[in-house]
Amino acid sequence: MREIPSDMPTLNSGEKTSEPETSWMRLKEFWSYFRENKGAVVGLGVVVFVILLAIFADVVAPHSPIEQYRDHFLRPPAWQDGGSWQFFLGTDAVGRDMLSRLIHGTRYSLFIGCIVVSISLVSGISLGLTAGYFGGWIDTIIMRVMDVILSYPSLLLALVLVAILGPSLINAMIAIAIVLQPHYVRLTRAQVISESSRDYVTASRVAGAGTLRLMFITLLPNCMAPLIVQATLSFSTAILDAAALGFLGMGAQPPTPEWGTLLADAREFISSAWWVVTFPGLAILITVLSFNLMGDGMRDALDPKLKRS
Amino acid sequence: MIRFLLARIGLLIPTFIGVSIIAFSFIRLIPGDPIEVLAGERGVSPERHAELMAQFGYDRPLWEQYFEFLSNLLHGDLGSSIVTRQPVIDEFLTLFPATLELSAMAILFAVIIGLPAGVIAGVKRGSVFDHTVMTTALVGYSMPIFWLGLLMIILFSSILGWTPVSGRISFLYYFEPVTGFMLIDSYLSGQEGAFRSALSHLVLPTIALGTIPMAVIARQTRSAMLEVLGEDYVRTARAKGLPPYRVIAIHALRNALIPVVTTIGLQVGVLLAGAILTETIFSWPGIGKWMVDSIFRRDYTSVQGGLMMIAAIIMVVNLIVDLLYGLINPRIRHTR
């Protein structure tokens, strides 16, 4: 793939290419840029690994995440004195295998990220595009509602919702999605406003493009770069906020092996059992970091202005 | 500019009403009613229940209750705490300086490190410095700060013994609060070692709270710089033979700052959310910890008042951000 990009056909060249061929070319082009960023490829690798762990958690994990081994309370990791290979990363205060709990925790983090980002991205883009394109009273109403939501810190609103609805992962995810959405709306709207005055938009309008075409085909692709950055960042925000709620005892409830909840249980062992505190946080950090690395690579590969400079 | 200012302030009114409706609804959405919460486990007889409902005005139509809530709000009355019976506004104002002090230090830490790092990384794209800054920023952004706080306590407090674990100042010192800001008060008190003690208590919470905003600011600044440096007017400025620092500082940075200012403004919400975690871990007596405690104690009037006050603070900051946005980007100001 090293001979790319000079002999790639440009997407808007007058020749008609069939639809699947074009998207295949785009994907190929995207990948050729994406693979140049080593961090992004590493991130992608870890993300794929985490996804596989989540899918095959039952097969991979050496123990059940909730089984308590009564003879093995707070057993240190295998390489420390007193550790055993039976429990590679040690056990927690009630004798559950840390490694198995961490592996099963991947399911929760991925689930949280997917749901939260999907909800907030779709609704955020639609609202932002509408507000920025039409302006006037539509813009005013949308932005005022967003201001009301933005007036509460995500974690606080989530906490309050939990107080109303009772602690659960689902309620926390809904709250986090609602509070993340205004960031997309604001970003999209700001991009749309600054892009609308560009010549290519005017040209497109003069050439007779309709409202929907202008919004979704002319404007949106040129507004996507910061949105993709934001989407990856909020994938991590979603995982982090949900973990924070778990940590405060208001998210996923024990014995669910959600990483934040694991940390909440670990607080009292801060000076006696370092592994109970360190590993869940490390799992959150690595997963979130990988998503961010991957997102950065996607941004570099997708932004036409940055990638050719 | 004055018209722009008035228009922006005018826009705050519907937001304020929206926020007050949410705070008002909260206490009425919790399962059971406020009187049952007040009575707790003991419960109340139906007659006493009705009496109390009337006493607190919960039996009147909702719109009537809302307008009374709004009118009290405008007079600075947020009601009294169910648990301590103190006026909510007093409790809030006593605790707020602690959070303000911590947040101010955190955002200062974030901007002082994040902004220059982002600018240099953007200008020297692809350099070792760029890679270092971006890697650090990514790790910082991906950091669960409650975990970072715990690790820092293990390392710096338990193992090395460099910094205290919790609170705002050592118990050895006592003085009447003047400003509510421990750094200033301890300095004013003139007691030897008091300022040092206050400062050492601030270090770990500041780092924990400032880490994410710092990373966000560095990333956003770099990304904005890259975008702007590719523009024609920057090329023109360079072609005119302007010295590089002038091109970067005046032509590029000014335009790159437009999205960055918005980002910094949005960090206030991040800071207040972070304060909830940071204050809980470091037992920092601010409004973040107070809100969490109030939720756990089911002190719903305090939660309602806190929601209102926190939202009001964020609204004011958003207003300032919008005004700055108009100041540094005249195009926005004139197009509306």
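See the structure printed just above.
Residues numbered from 1 in each chain as written. Chains lettered and ligands numbered in written order. Predicted model: local features only at pLDDT ≥ 70, side-chain atom pairs only at ≥ 80, totals over all residues.

Caption draft 1: Region of interest: the overall build of chain B. Of the regular secondary structure elements, chain B holds 14 helices and 0 strands. From first element to last, N terminus to C terminus, chain B shows the α and β order α-α-α-α-α-α-α-α-α-α-α-α-α-α. Overall size of chain B, expressed as C-alpha extent along the three principal axes, is 85 × 55 × 35 Å. Put simply, chain B has 336 residues, and 40% of those count as buried. Long-range contacts, defined here as pairs at least 24 residues apart, represent 72% of the contacts in chain B between residues at least 6 apart. (Helix = DSSP H or I, 4+ residues; strand = E, 2+ residues; numbered from the N terminus. Buried ≥ 20, exposed ≤ 12 C-beta atoms within 10 Å, placed from the backbone. Contact = placed C-beta atoms within 7 Å.)

Caption draft 2: Up close: the overall build of chain A. Broken down by element type, chain A carries 12 helices and 0 strands. Each helix and strand of chain A, placed in order from N terminus to C terminus, yields the pattern α-α-α-α-α-α-α-α-α-α-α-α. Reported as C-alpha extents along the three principal axes, the dimensions of chain A are approximately 75 × 50 × 30 Å. Out of the 309 residues belonging to chain A, those deemed buried represent 46%.

Caption draft 3: Seen up close, the packing of helix 5 (residues 88-123) of chain B against helix 12 (residues 287-296) of chain B. All names here are of chain B. Relative to each other, helix 5 and helix 12 sit at 130°, their axes nearing to 8 Å. As summarised for this structure, helix 5 and helix 12 are arranged oblique, according to the angle between their axes. Residue-level contacts link Phe92, Leu95, Phe96 and Thr99 of helix 5 to Ile287, Gly288 and Trp290 of helix 12. Looking at the contact of helix 5 with helix 12, its residues break down into 5 nonpolar, 2 polar and no charged. (Axes fitted to C-alpha atoms, helices over the stretch in contact; angles between N-to-C directions. Parallel < 35°, antiparallel > 145°, perpendicular 65-115°, else oblique. Nonpolar A, V, L, I, M, F, W, Y, C, P; charged D, E, K, R; others polar.)

Caption draft 4: Looking closely at the interface of chain B and chain A. With 40 residues of chain B at the interface, the matching set in chain A holds 36 residues. Within the residue set of the side of chain B that touches chain A, elements represented by two or more residues are helix 1 (2-29), helix 6 (128-141), helix 7 (145-159), helix 9 (194-229), helix 11 (244-281), helix 12 and helix 13 (300-328) of chain B. The element contributing the most residues to the side of chain B that touches chain A is helix 1 of chain B, with 8 residues. Tallied by class, the residues present in the side of chain B that touches chain A amount to 31 nonpolar, 9 polar and no charged.

Caption draft 5: Structural view of helix 9 of chain B. Residue glycine 210 of chain B marks the point of greatest curvature in helix 9 of chain B, where the axis turns by about 40°; the proline proline 213 of chain B follows within four residues. Across the 36 residues that make up helix 9 of chain B, a large majority, 30, are buried. (Bend = angle between axes of the 7 residues up to and from the residue.)

Caption draft 6: Structural view of the packing of helix 6 (residues 154-165) of chain A against helix 7 (residues 169-196) of chain A. All names here are of chain A. Two elements in contact, helix 6 and helix 7, have axes whose closest approach is 9 Å; the angle formed by their N-to-C orientations is 145°. Here helix 6 runs over helix 7; the crossing is right-handed. Residues Ser154, Leu157, Ala158, Leu161, Val162 and Leu165 of helix 6 form the contact with helix 7, whose own contacting residues are Asn171, Ala172, Ala175, Ile176, Val179 and Leu180. Split by residue class, the contact of helix 6 with helix 7 holds 10 nonpolar, 2 polar and no charged. (Left-handed = near helix turned anticlockwise from the far one by under 90°.)

Caption draft 7: Just the nonpolar core, in detail. Core analysis: the largest hydrophobic core is formed by 171 residues, its most contacted members being Leu156, Ala158, Ile176 and Ala242 of chain A. If we ignore the near neighbours within four places in the chain, the residues touching isoleucine 176 of chain A are Val116, Ser154, Ala158, Ala238, Asp241 and Ala242 of chain A. (Core = buried A, V, L, I, M, F, W, Y, C linked by C-beta atoms within 7 Å.)

Caption draft 8: Local environment of the environment of methionine 182 of chain B. Residue and element names in this part refer to chain B. Here methionine 182 is to be found in helix 8 (residues 182-189). On the basis of neighbour counts, which here come to 25 C-beta atoms within 10 Å, the residue methionine 182 falls in the buried class. Sequence-wise, methionine 182 and glutamine 86 are 96 residues apart; in three dimensions their C-alpha atoms are separated by 23 Å. Those residues in contact with methionine 182 that sit more than four places away from it in its chain are Glu101, Arg168, Ile169 and Ala198.

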